[in-house]
Amino acid sequence: MSLYKSGGDVIRILAFTAAIIVQSLGSGNAQTSQDGNVPSQAQQQQAAQVVNELFTDQPAPVIQGIAVRGNQRIEPETVASYLPVQAGMPADGELLDISLKTLFRTGLFSDVKLEMQPNNILVINVIENPIVNRVLFEGNRRLKEDKITEEIQLAPRGVYTRAKVQADVQKIIELYRAKGRFAATVTPKVTPLEQNRIDVIYEIAEGPKTGIAKVNFIGNEVFTDNELRGVVLTKESRWWRFFTNFDNYDPDRLEYERELLRQHYGQNGYADFSVVSAVAELTPDRKDFFITFTVDEGPEYTVGEVRVKTTLAKLDGGALVNFVPMREGQIFDSEKIEKSVEAITFATGAAGYAFVDVNPRLSRHAESNTIDITFEVNEGPRVYVERINIKGNTRTLDKIIRREIRIAEGDAFNRVLMDRSRARIRSLGYFKEVEIEEKPGSAPDRTELDVSVEEQSTGSFSVGVGVSSTENFIVDLSVEERNLMGRGQFLRFRVQASSRTRQVDLRFTQPYFLDRNLAAGGSIFNQRTDFRESGFVRDRIGLGLNAGFQVSEYGRGGVNYLITRDKVEIDRTTNLVDENFDPALVLIPGADFDLVPAFNNNNEPIVDDDGNQQQFFTRQPCEEINAFLTPSCESRGSFLTSLVGFSLSFDKRNDPITPSRGWRAGANVSIAGLGGDVNYYQTEFNGAYYHPLFGGFVGALKGRAGYINGYAGDSVRLSDRFFEGASTFRGFEVAGVGPRFIRSYDTTRDRFISQSIGAKAYAIGSAEILIPLPLPAEYGIKAALFSDFGTVGLVDDSTKLINDNPDFFVDVGDGRMLAPVQDDLSLRVTAGVTVSWDSPFGPVRFDFAEILMKEEYDQTEGFRFSAGTSF
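Rules used in this analysis
- For every chain, the first residue of the written sequence is number 1, and numbering continues from 1 along that sequence.
- Whole-chain, interface and lining totals are the exception, using all residues; otherwise, since this is a predicted model, local features are given only for residues with pLDDT of at least 70 and side-chain atom pairs are given and counted only at 80 or more.
- The side-chain figures draw on all heavy atoms in the structure; neither hydrogens nor water molecules are used.
- Counting from the N terminus, the helices are the DSSP runs of H or I reaching at least four residues and the strands are the DSSP runs of E reaching at least two.
- Burial status follows relative accessibility: with a 1.4 Å probe on protein chains alone, a residue under 20% of its type maximum counts as buried, one over 50% as exposed, and anything between as partly exposed.
- The contact criterion used throughout is that any non-hydrogen atoms of two residues lie within 4.5 Å.
- For the area figures, the Shrake-Rupley method with a 1.4 Å probe applies, and any residue is considered shielded solely by the protein chains shown.
- Pairing between strands requires that DSSP locate at least two bridges from one strand to the other.
- Site definitions follow a grid-based scheme: protein atoms alone, a 1 Å grid, a 1.4 Å probe that fits but cannot get out for cavities, and for pockets an open set with protein on both sides within 12 Å along at least five of seven lines, plus lining residues having an atom within 4 Å of a point.
- Grid points are joined across faces, edges and corners, and a volume is the space filled by probe spheres set on the points.
- In this classification, Asp, Glu, Lys and Arg are treated as charged, Ala, Val, Leu, Ile, Met, Phe, Trp, Tyr, Cys and Pro as nonpolar, and every other residue, Gly included, as polar.
- A score between 0 and 100, pLDDT records how confident the predictor is in each residue.
- Orientation is described by axes fitted as lines to C-alpha atoms, over the contacting stretch for helices, and by angles from 0 to 180 degrees between their N-to-C directions.
- To estimate the expected span of a helix, subtract one from its residue number and multiply by 1.5 Å.
- Side-chain atoms alone can form a polar contact between residues adjacent in sequence; in general such a contact is a pair of N or O atoms within 3.5 Å, and within protein one must be able to donate a hydrogen while the other accepts it.
- The arc in question is traced by the directions running from the helix axis to the C-beta atoms.
- Residues with no salt bridge and a relative accessible area higher than 30% make up the patches, which join like charges within 9 Å and nonpolar side chains (Val, Leu, Ile, Met, Phe, Trp, Tyr) within 5 Å.
- The term salt bridge refers to a pairing of a side-chain nitrogen on Lys or Arg with a carboxyl oxygen on Asp or Glu at a separation within 4 Å.
- Note that His is not counted, nor are the chain ends; the positive residues are Lys and Arg, and the negative ones are Asp and Glu.
- Every charge is mapped onto a representative atom, which is NZ of Lys, CZ of Arg, CG of Asp or CD of Glu.
- Any pair of Phe, Tyr and Trp rings, taking the six-membered ring for Trp, is counted once the centres come within 6.5 Å. Such a pair is stacked with planes under 30 degrees apart, edge-to-face with planes over 60 apart, and tilted for the rest.
- A ring has a charge above it when a Lys NZ or an Arg CZ is no more than 6 Å from the ring centre and no more than 35 degrees off the ring normal.

Structural notes on the overall build of the chain
Phase 1 of the analysis: The number of helices and strands found in the chain is twelve helices and 40 strands.
Phase 2 of the analysis: In the chain, buried positions account for 40% of the 871 residues.
Phase 3 of the analysis: Excluding contacts between residues fewer than 6 apart, the proportion of contacts in the chain whose partners are at least 24 apart in sequence is 58%.
Phase 4 of the analysis: A total accessible area of about 46100 Å² is found for the chain, and carbon and sulfur atoms account for 53% of it.

In structure tokens form, the structure reads like this:
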């Protein structure tokens, strides 16, 4: 019987066997070992010579069959399938050696032996690797178990091998080092179970966190150490840096910080800058690191001559140089080189050249410390899109993504259209990340596009509570799906209640109706809104239908129909009157009123100066005899509104979610009167322009304007007018800016007692500067400086009839009498700062505003806060 483990083993075993044969023949030259059972060295040498002669002169035995022993889970046929030898083949030593190594490489076996039986049956003896039942972690307090699990190789129901365990131990240690714990150790342990199963336990000793004692710089003269510490990510360990992981040593981060320093110096004119070394030294107590960067700054360069050379027929360098954001005499900025290449590529693409190569050439002049920059623009080889692959869409259908891609398979590749495709896919709101990558195709003039997306949650069931300066409290129950069944459909059912609003709303939208670029949808709703600033309550129930369609690559149109039933009620009012007051003198016959003795909160009678008890007089103000003069009363009652509207919008922003460049504009026109009781037309416009400024700041100009007017003898009812303020005009209360009905003037508080009556026209603009905060993006904190400016006003003449009666004029206390209805299209201006935080508890927003220009009757607020949460 012969034992095979490798080619060398075969020779040694056969040699050993031959030596025994020689011994049994009683060779005169044979020398036996001391125990008489093992052949002597001379016998083994002689046997080896015999074996060599056998392999030289005799053919290898033919394998008559293959048998597998020791297997428990793995079928014998599976084991035999890994072998390069089969029954009927010679038992060649090299093939047997390859067979042995092949079985070991499968990772299924901890030991394998090959034996050739006397009847030429090849027997394979195996010991299977155990199956992992569970992978457990002990001692991991600073790293969550799921974070470790996704990084290691061993997993339940997987095959156990020592190599995997060793790799897992090293990976866990690397994870802890990335968290700054360089003293962490991992000890693997195995608990055997029945049926060749095991539990693998990783015992982790995390050790103390290794911090950063100091970040030093050597060789820097232009920028101070503190300035450069602000450039690199690694921060010195301080007690207040509990939100960041950058106050520990990470060797991978150290390499990235070399590039950050190079970029910083390159953006400030130091084109020859280099990091000579970046060294991390552990302190003697092994608790902290000293990080030292040695730099060579080099000279400061300014921009010399800037030129663009091109071989394109329809474009010359003089035209393209205008797109380069660099001018002679400016401080050299390496980042602007990349921006120039992008700008030239985009400009040539817009001019019809989809394939261009832009190569910047830099010529340094050491004597003048200037750099001449030449951009060579040549037409590149034409490349066609061979295939578009969609990846990562585990839920969203392929066609939902493909219909947003502006390039089709077989089209010539166009980078401008590729960037536009990414923006359109991202604007869907279905994906957290969207990337489009070019890959080589089957030929040099072919390319494949990999569209990789990362799905994010598009459905939600939320019960929310919140507070705000406007609503006081908010309770919101909402079921929403923005990507229903992965088909891109929108469905929402919402119930909301607050101190001023109660509503039930059901909406559905199909963005590609009948697989055409035509959106169709509808909604039904029931609302009750307390417009306390105007003294009325509106109950509204309605049905809406809408359709949207594409008018251009960046433009979209829409049409909608809305039918509503409105019931407007005026709030009842209460005031003190003397005991001899006669309601018949002020109310119309049959009016409903309450007249009861007046008591204060301590249940004490309220008396006048003469000691007579007063009364609370509660009534409906529109039932007063002079109610026809009150602006609100003309709008009470029930009305049926049948409205058709049209919309048109264009969006050329570079990013639909966080824009930094581009513009958007829109217009809406609505006409009420196609049936129903209400006749008016309404037009609104809106737009915004974004432009990058400097240092990551982004400027934005926004504007809105609207006008509404009645026709066919109708005036504009109170509930249909424009009410501006709070979030729409920061610095003013809700409906705090625009026409007002002044009832009286409170001299003690220096405040008008008034109500908003809405406006027929408004024009409001906003200038903002978005501030790049030095905080990680995952904190979700944003800030902006703003200035809101505009005008709100214009009411119908019928609303101002009360101004014709001097008896209603209001004494403001300084000898002036003010008309009760104030309507002035004067300019209002505010300025301030807004801070928003996407907190774990929900969105939080703070608005701080200073009033620069206003009318004396406007209602202002210097601070506004809102917050909410979902669970």
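Re the pairing of strand S26 (residues 615-619)
Phase 1 of the analysis: Most of S26 sits inside the fold, with four of its five residues counted as buried.
Phase 2 of the analysis: Summarising the sheet, strand S25 (residues 593-597) and S26 pair through five bridges and their orientation is antiparallel. Bridging across to S26, Pro 597 finds its partner in Gln 615.

Thoughts on empty space enclosed by the protein
Phase 1 of the analysis: For the structure on display, the rule yields three cavities of 30 Å³ or more.
Phase 2 of the analysis: Together, Ala 726, Arg 730, Gly 731, Asp 847, Phe 848, Ala 849, Glu 861, Gly 862, Phe 863 and Arg 864 line the largest cavity.
Phase 3 of the analysis: Among the elements of the structure, strand S39 (842-853) and strand S40 (863-870) are those that each provide at least two residues to the lining of the largest cavity.
Phase 4 of the analysis: With three residues, S39 is the single largest residue contributor to the lining of the largest cavity.
Phase 5 of the analysis: Its residues assigned to classes, the lining of the largest cavity comprises four nonpolar, two polar and four charged.

Remarks on the confidence of the model for the chain
Phase 1 of the analysis: For the chain, the mean per-residue pLDDT works out to 82, and 88% of the residues sit at or above 70.
Phase 2 of the analysis: Within the model, pLDDT remains below 50 along residues 53-57, and this stretch shows four contacts once partners closer than five positions in the same chain are excluded.
Phase 3 of the analysis: Segment residues 466-471: pLDDT under 50, and 25 contacts once partners within four positions in sequence are set aside and those in other chains are kept.

Some details on the sheet that holds S25
Phase 1 of the analysis: Read across the open sheet, the three strands follow the order S24-S26-S25; overall the sheet is antiparallel. The sheet is open, and its two borders are formed by strand S24 (573-577) and S25, each paired with just one other strand. Each strand axis lies, on average, 20° off the axis of its neighbour in the sheet, ignoring direction.
Phase 2 of the analysis: Sheet topology places S24 next to S26; five bridges connect them, and they run antiparallel. In the sheet register, Asn 575 faces S26, and the bridge partner there is Phe 617.

Focus on helix H4 (residues 93-105)
Phase 1 of the analysis: For H4, with 13 residues, the first-to-last C-alpha span of 19 Å sits near the 18 Å given by 1.5 Å per residue.
Phase 2 of the analysis: Residues of H4 that are buried include every one of Gly 93, Leu 96, Asp 97, Ser 99, Leu 100, Thr 102 and Leu 103, and no others.
Phase 3 of the analysis: The N-terminus of H4 is capped by Asp 92, whose side-chain oxygen sits 3.1 Å from the backbone nitrogen of Glu 94.

Digging into helix H6 (residues 162-178)
An α-helix turns once per 3.6 residues; consequently, residues spaced three or four apart project the same way.
Phase 1 of the analysis: Taking 1.5 Å per residue as the helical rise, H6 with its 17 residues ought to reach 24 Å, and the 25 Å between its terminal C-alpha atoms agrees with that figure.
Phase 2 of the analysis: Among all positions in H6, only Val 165, Asp 168, Val 169, Ile 172, Ile 173, Leu 175 and Tyr 176 are buried. Viewed end-on, H6 has its buried residues packed into an arc of 155°, placing them on one side of the element. Facing away from the buried side of H6 by over 90 degrees, the exposed positions are Ala 163 and Gln 166.
Phase 3 of the analysis: Along its buried surface, H6 packs onto strand S5 (131-138), helix H5 (145-149), strand S6 (185-193) and strand S7 (197-205).
Phase 4 of the analysis: The positive-phi residue at the C-terminal boundary of H6 is Gly 180, with phi of around 85°.

Here's the deal with a nonpolar patch on the surface
Phase 1 of the analysis: A surface patch of nonpolar side chains, amounting to about 960 Å² of accessible area, comprises Phe 513, Leu 514, Leu 518, Phe 549, Val 551, Val 559, Phe 646, Leu 648, Val 669, Ile 671, Tyr 681 and Tyr 707.
Phase 2 of the analysis: Turning to its location among the elements, Leu 514 is positioned in the loop between strand S20 (501-510) and strand S21 (518-531).

Re the pattern of salt bridges
Phase 1 of the analysis: Enumeration according to the criterion identifies 43 salt bridges in this entry.
Phase 2 of the analysis: Among the salt bridges present, the one from Arg 262 reaches Glu 259, with a minimum N-O distance of 2.5 Å. On the criterion of helical spacing, the pair formed by Arg 262 and Glu 259 is a turn pair, its members being three residues apart in helix H8 (residues 251-266).
Phase 3 of the analysis: For Glu 259, a relative accessible area of 29% translates into the label partly exposed.
Phase 4 of the analysis: Asp 445 is the salt-bridge partner of Arg 446, the closest N and O atoms lying 3.0 Å from each other.
Phase 5 of the analysis: What makes Asp 445 partly exposed here is its relative accessible area of 30%.

Details of the side chain of Ser 826
Phase 1 of the analysis: If you trace the backbone, Ser 826 turns up in the loop between strand S37 (821-822) and strand S38 (828-839).
Phase 2 of the analysis: The class for Ser 826 is buried, based on a relative accessible area of 15%.
Phase 3 of the analysis: Here the side chain of Ser 826 touches Glu 855 through a polar contact of 2.6 Å, side chain to side chain.
Phase 4 of the analysis: In this view, Ser 826 contacts Gly 790, Thr 791 and Glu 855; residues no more than four positions away in its chain are not counted.

Comments concerning the side chain of Asn 140
Phase 1 of the analysis: Within the secondary structure, Asn 140 sits in the loop between S5 and H5.
Phase 2 of the analysis: Ignoring any residue separated from it by four or fewer positions in sequence, one finds Asn 140 in contact with Glu 145, Ile 148, Tyr 176, Ile 204 and Glu 206.

Describing a negative patch on the surface
Phase 1 of the analysis: Side chains of Glu 335, Glu 338, Glu 342 and Asp 419 sit close together on the surface and give a patch of like negative charge.
Phase 2 of the analysis: It is helix H10 (residues 334-350) that provides the largest number of residues to the negative patch, a total of three residues.
Phase 3 of the analysis: Along the chain, Asp 419 turns up in helix H12 (residues 415-427).
Phase 4 of the analysis: Of the residues examined, Asp 419 reaches a relative accessible area of 45% and is grouped as partly exposed.

A word on the sheet that holds S7
Phase 1 of the analysis: The three strands are arranged S5-S7-S6 in an open sheet whose pairing can be described as mixed. Looking at strand neighbours, the two that pair on one side only are S5 and S6, the edges of this open sheet. Pairs of neighbouring strands in the sheet enclose a mean axial angle of 20°, with direction left out of account.
Phase 2 of the analysis: By the bridge criterion, seven bridges tie S5 to S7 in an arrangement that is parallel.

Examining the packing of aromatic side chains
Phase 1 of the analysis: Applying the stated criterion to the full structure yields 14 aromatic pairs.
Phase 2 of the analysis: Plain terms: the ring middles of Phe 846 and Phe 863 are 6.3 Å apart, the flat faces sit at 25° to each other, and that makes the pair stacked. Remark: Phe 863 occurs in strand S40 and Phe 846 occurs in strand S39; sequence separation between them is 17 residues.
Phase 3 of the analysis: Given the relative accessible area of 27%, Phe 846 is considered partly exposed.
Phase 4 of the analysis: Among the aromatic residues, ring-to-ring pairing joins Phe 223, Tyr 265, Tyr 270 and Phe 273 into one connected group.
Phase 5 of the analysis: Directly above the ring of Phe 786 sits Arg 730, whose terminal nitrogen or CZ lies 3.9 Å from the centroid.

A word on the pairing of strand S27 (residues 637-651)
Phase 1 of the analysis: Bridge count for strand S23 (residues 555-570) against S27 is 14 bridges, and the pairing is antiparallel. Paired with Asn 560 across the bridge in S27 is Gly 645.
Phase 2 of the analysis: Across ten bridges, S27 lies against strand S28 (residues 662-676) in antiparallel orientation. Looking across to S28, one finds that Phe 650 is bridged to Ala 665.

Digging into the environment of Leu 484
Phase 1 of the analysis: One can find Leu 484 in strand S18 (residues 474-484).
Phase 2 of the analysis: You can call Leu 484 partly exposed: its relative accessible area is 22%.
Phase 3 of the analysis: In this structure Leu 484 touches Gln 489, Leu 491 and Phe 508, once residues within four positions along its chain are discounted.

Thoughts on the environment of Ile 121
Phase 1 of the analysis: Within the secondary structure layout, Ile 121 lies in strand S4 (residues 121-128).
Phase 2 of the analysis: Discounting chain neighbours no more than four positions away, the residues touching Ile 121 are Gln 64, Gly 65, Ala 67, Glu 115 and Met 116.

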